[in-house]
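Each chain is listed here by its residues.
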Amino acid sequence: MSKNIDPPYNTGEDFVYPDNFHDSIENYKKITGQVDDEGKKIGTNTETSGRYHTNWLNMMYPRLRLARNLLADDGVIFVSVDYNENFNCRTILNEIFGLSNFIGEIYWESKTKSQNTETAYNKLQPKAEMILVYTKQLKRRFNLIVKELKDYPLSDEQGNYREYPLEVMNATGIRGRETMIYDVSDGISTVSPPPGKQWKLGQDQVAAYKDSGNLFIREGKVIIKMRPEFERNETTEPFWGFFSKELGTAENAKSDLTELIGEHGFETVKPIDVIKRLIFHATEKNDIILDFFSGSATTAHAVMQLNADDGDSGKRKFIMVQLPELTDKKSTTYKAGYVNVSEIGKERIRRAGEKIKSEAGLFAQNLDVGFKVFKLDTSNIRKWQPDYDNLEVSLLDYVDNFVEGRTELDVVYEIMLKYGFDLTYSVDEFIVSEKKVYSVGYGMLMICLSNGIKPDVAEGILKRVKELSPESSRVVFKDNGFEKDSDKTNIKEILKVGGIKEFITI
Ligand SMILES: C[S@@+](CC[C@H](N)C(=O)[O-])C[C@H]1O[C@@H](n2cnc3c(N)ncnc32)[C@H](O)[C@@H]1O
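Quick caveat: nothing in here was measured; it's all calculated off a predicted structure.

Asks: Hey, could you run me through the side chain of histidine 264 in this one?
Replies: The residue histidine 264 is located in the loop between helix H5 (250–261) and helix H6 (272–282) in this model. A relative accessible area of 4% means that histidine 264 is categorised as buried. The contact partners of histidine 264, leaving out residues within four places of it in the chain, are Lys254, Leu257, Thr258, Val269, Thr333 and Ile344.

Asks: Just checking my understanding: could you explain helix H12 (residues 455–468) for this structure?
Replies: Note: α-helices contain 3.6 residues per turn, so residues at a spacing of three or four share the same orientation. In this model H12 runs 20 Å from its N-terminal to its C-terminal C-alpha over 14 residues, within 8% of the 20 Å that 1.5 Å per residue would give. Looking only at H12, the buried set comprises Val457, Ala458, Gly460, Ile461, Leu462 and Val465. The secondary structure elements touched by the buried residues of H12 are strand S18 (427–432), strand S19 (435–440), strand S20 (445–448), strand S21 (474–477) and helix H13 (485–497).

Asks: Help me out: how do you make sense of the site of the ligand in this one?
Replies: Around the ligand sit 17 residues in total, of which Asp6, Ser296, Thr298, Gln322 and Glu325 are the nearest. Take glycine 295: an N or O atom from its main chain is 3.4 Å from an oxygen atom of the ligand. In the environment of the ligand, an oxygen atom lies 2.6 Å from a nitrogen or oxygen atom belonging to the side chain of serine 296. Protein contact buries 94% of the 600 Å² of open area that the ligand shows by itself. Grouping the constituent residues of the shell around the ligand by class yields seven nonpolar, six polar and four charged.

Asks: Mind showing me how you'd approach the packing of helix H7 (residues 298–309) against helix H9 (residues 341–360) here?
Replies: Geometrically, a packed helix pair is captured by the angle between its two axes and the distance between the axes. In the contact formed by H7 and H9, the axes pass within 10 Å of each other and the chain directions differ by 15°. Between H7 and H9, the interaxial angle falls into the category roughly parallel. Between H7 and H9 the crossing geometry is right-handed. Here H7 contributes Thr298, Ala300, His301, Met304, Gln305 and Ala308 to the contact with H9, which in turn contributes Arg348, Ile349, Ala352, Gly353, Ile356 and Ala360. A class-by-class count of the residues in the contact of H7 with H9 yields seven nonpolar, four polar and one charged.

Asks: When you look at the pairing of strand S13 (residues 221–226) in this model, what are you seeing that I'm missing?
Replies: If a strand is regular, its side chains alternate between the two faces of the sheet. Burial analysis of S13 places five of its six residues in the buried class, the great majority of the element. Summarising the sheet, strand S7 (residues 159–165) and S13 pair through four bridges and their orientation is antiparallel. Following the sheet pairing, proline 165 is matched in S13 by isoleucine 223. As paired elements, strand S12 (residues 215–218) and S13 share four bridges and run antiparallel to each other. The residue of S13 that forms the bridge with arginine 218 is lysine 221. Joining the antiparallel neighbours S12 and S13 is a turn of two residues, in which glutamate 219 adopts a positive phi near 45°.

Asks: Just checking my understanding: could you explain the sheet that holds strand S3 (residues 102–109) for this structure?
Replies: Reading across the sheet, the seven strands line up as S15-S3-S4-S2-S1-S16-S17 and stay open at both edges, with mixed pairing between neighbours. Every interior strand has two partners, whereas the edge strands, strand S15 (242–243) and strand S17 (317–320), have only one. Of the strands in this sheet, strand S1 (2–5), strand S16 (288–291) and S17 are in contact with H7, which crosses S17 at around 175°.

Asks: When you look at the pairing of strand S5 (residues 145–149) in this model, what are you seeing that I'm missing?
Replies: Along S5, only zero of the five residues are buried, which leaves the element largely exposed. Summarising the sheet, S5 and strand S14 (residues 234–237) pair through four bridges and their orientation is antiparallel. What sits directly across from glutamate 148, in S14, is threonine 235.

Asks: Could you clarify how one ought to interpret the pattern of salt bridges in this entry?
Replies: Throughout the structure, instances matching the rule amount to 26 salt bridges. A salt bridge links glutamate 109 to lysine 127, with the shortest nitrogen-to-oxygen separation between them at 3.6 Å. With a gap of 18 residues between them, glutamate 109 in strand S3 and lysine 127 in the loop between S3 and strand S4 (128–135) connect regions that are remote in the sequence. The exposure class assigned to glutamate 109 is buried, which follows from its relative accessible area of 12%. The partly exposed category is assigned to lysine 127, whose relative accessible area is 41%. Salt-bridge contacts for lysine 150 lead to glutamate 231; the nearest nitrogen and oxygen are separated by 3.7 Å. Of this pair, lysine 150 sits in the loop between S5 and strand S6 (154–156) while glutamate 231 sits in the loop between S13 and S14, and the two are 81 residues apart along the sequence. One salt-bridge network, held together by shared partners, links Asp6, Glu129 and Lys270.

Analysis parameters
- Residues numbered from 1 in each chain as written.
- Predicted model: local features only at pLDDT ≥ 70, side-chain atom pairs only at ≥ 80, totals over all residues.
- Heavy atoms only, no water.
- Helix = DSSP H or I, 4+ residues; strand = E, 2+ residues; numbered from the N terminus.
- Buried < 20%, exposed > 50% of the residue type's maximum accessible area, 1.4 Å probe, protein only.
- Contact = heavy atoms within 4.5 Å.
- Expected span 1.5 Å × (residues − 1).
- Near = heavy atom within 4 Å.
- Polar contact = N/O pair within 3.5 Å; in protein donor to acceptor, adjacent residues only side chain to side chain.
- Areas by Shrake-Rupley, 256 points an atom, 1.4 Å probe, with all protein chains shown as cover.
- Nonpolar A, V, L, I, M, F, W, Y, C, P; charged D, E, K, R; others polar.
- Axes fitted to C-alpha atoms, helices over the stretch in contact; angles between N-to-C directions.
- Parallel < 35°, antiparallel > 145°, perpendicular 65-115°, else oblique.
- Left-handed = near helix turned anticlockwise from the far one by under 90°.
- Pairing = 2+ DSSP bridges.
- Salt bridge = Lys/Arg side-chain N within 4 Å of Asp/Glu carboxyl O.

Right, dumping it as structure tokens:
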């Protein structure tokens, strides 16, 4: 998994909530005076607070720590910042990821238009933003853009080759080495470097070419038969530490987004090509990319676009995380139906997916642009907290142990989470003896949350498991869902005999 994050830059205008992990989001926003009773933003991180940088760092630190835990061992993290917090951010990233895992800082030419404001006379006008790059392990290889493949136009009994005339360089200066000045012979003639020059390859390497029949001398020139297996047979563009405006600026990223989803209210949108380039360098085609400051979901858009560019082979997945930041009720964004930032992100993913699919044509057949949305919430399963003064009523209340208002599907996903199932697994439904059963991951987990369960339901589930033949299967029922206690015992036996790995009641 790789990560790309674009946190608020702490410009004094992008809000930052101090965190209190024991509270619900809504509550802590209210307590900390960040939002009013309607949940609307009322404050920003102001320089006069005296804790300007501290507030931002307090918000970032735990997130970056968690990010490191979640990152794959060979993963990469990209953090977008600007002059405001670049210095501080590197300090905490050095602490969390280790200074030796600092790969570099990309300067992205984010602005082309100048701003003729008062500060133009006493401050530098920023033209670039920075993207900090850290890895979890030092020895991480990046994918490079292949510019051209080298050509091997000649062939002999050993296979294809190209002629590479052994090159010379100055023998003076710090790269001068006496050991690089030697005679090369092909058994017929001998050549030595011109005065003041040395060979570019060492004597052992040249001897190896000669001994394997891959060296000869023609008209006083040493020629090596260079074969694809002797060298990197492609010329590549490096992972540059500078992204020019050709990859897109913040200005045109904003207008591209407006064209796609209408008025959105974002000032800090990243261009798709900038994010696509980062993901290209740092991921393989099946990797997962996490962005926990999703905003308008540029990262998701870039992942889908890169998968489409890869034709049928791109299968990267994205996880976007976004705080339910409300939009201003007076704004056109709100009036366009986007009540919070998450809604903007969701609509962007939908529209971008459709657009990419329609542009990808034939390749689009297997392109997956679907996504699932989850909201952070308390458990769907109730805790046993009886009112001891009114035990009879409490007992009746707790006959059903699911929290009121939650759907069966909510419970199904909670069970998946608890058993460590990937939330992207398919969830299909089927009916057995009039009871709905959920089949997760093609039969790996079967869940029935209905009441009045009798042995025929278990038999129907077993039949379906056999048809789907997963490697192993677990079956989950509601603890109070059985018609009779004896049914529960019978069902347990039926499933055991049928080869079910685990029978679970919740
Ligand atoms: C710079 S924007 C990201 C923009 C995004 N890259 C895009 O292209 O649209 C920063 C995001 O951080 C979120 N944010 C601000 N304060 C936060 C906090 N304390 N915790 C989590 N997210 C926060 C904002 O809601 C916003 O979506």
